[in-house]
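Secondary and tertiary structure notes
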Amino acid sequence: SGRQFRDFLVIDVADMVDTATNAENNNSNENKAAAMKKMIEKENEQSDLVKGFGRTLLRMLQRLDLRDIVLMTDKGELSPTLLKLYESYNKMPSDINFATDIWMLHPILPAEFVNTHLVPMGRRKNDGRQQKK
């Protein structure tokens, strides 16, 4: 049987672009898009799991107290942020199943992100399996 969704929550990260930066740039769509791209790049370059707007997203999701959700992004550049957000939430002490799936349409995962975040995650997971044998 297929999965059925009852509710949808859409978070438009474009509204999280620094308003001071936008005010300086007269709030034009081109300038807002450039500021959003810079904000996403800055978040994705961080070695910490969540900083900047990623931390804002994490806090928002914590306050909403959601369970068994599907995280999804249709903007490829947000894929690293989504993965970092998921990992951050999973590291918190809790027995709550926050997200059941991650859907990334057209993901863009820079090599630096893969080496900094995904490779160590894979190593930790594999080390755990080897120790159980």
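Description of the structure in this document. (Residues numbered from 1 in each chain as written. Predicted model: local features only at pLDDT ≥ 70, side-chain atom pairs only at ≥ 80, totals over all residues. Heavy atoms only, no water.)

On to helix α2 (residues 29-45), then. Its 17 residues give α2 an end-to-end C-alpha distance of 24 Å, which sits within 8% of 24 Å, the value for a rise of 1.5 Å per residue. Taken together, the buried positions of α2 are A35, M36, M39, I40, E43 and N44. (Helix = DSSP H or I, 4+ residues; strand = E, 2+ residues; numbered from the N terminus. Expected span 1.5 Å × (residues − 1). Buried < 20%, exposed > 50% of the residue type's maximum accessible area, 1.4 Å probe, protein only.)

For the rest of this paragraph, the subject is the environment of R59. The topology assignment puts R59 in helix α3 (residues 52-64). Looking at R59, the relative accessible area reads 46%, which means it is partly exposed. Considering only alpha carbons, one finds R59 and Y89, 30 residues apart in sequence, at a separation of 9.8 Å.

Within the fold, R67 resides in the loop between α3 and β1 (69-73). Taking the C-alpha atoms as reference points, R67 and F98, separated by 31 residues in sequence, lie 4.7 Å from one another. The residues contacting R67, other than those within four sequence positions of it, are I96, N97 and F98. Within the structure, the side chain of R67 is placed 2.6 Å from the side chain of D65, a separation counted as a polar contact. (Contact = heavy atoms within 4.5 Å. Polar contact = N/O pair within 3.5 Å; in protein donor to acceptor, adjacent residues only side chain to side chain.)

Another aspect to go through is the environment of Y86. Topologically, Y86 is positioned in helix α4 (residues 79-91). Separated by 28 residues in the primary sequence, Y86 and L58 place their C-alpha atoms 8.8 Å from one another. Setting aside anything within four residues of it in sequence, one finds Y86 in contact with L71, A99 and I102.

For D65, which is not a glycine, the phi torsion comes out positive at approximately 55°. Relative to the elements of secondary structure, D65 occurs in the loop between α3 and β1. In the Ramachandran plot, H106 falls in the positive-phi region, its phi being about 55° despite a non-glycine side chain. Looking at H106, the relative accessible area reads 68%, which means it is exposed.

As a packed pair, α3 and α4 sit with axes 10 Å apart at the nearest point and diverge in direction by 50°. Considering the angle they form, α3 stands oblique to α4. Crossing of α3 against α4: the hand is right-handed. Across the interface between the two elements, F53, G54, L57, L58, L61 and Q62 of α3 pack against T81, L85, S88 and Y89 of α4. (Axes fitted to C-alpha atoms, helices over the stretch in contact; angles between N-to-C directions. Parallel < 35°, antiparallel > 145°, perpendicular 65-115°, else oblique. Left-handed = near helix turned anticlockwise from the far one by under 90°.)

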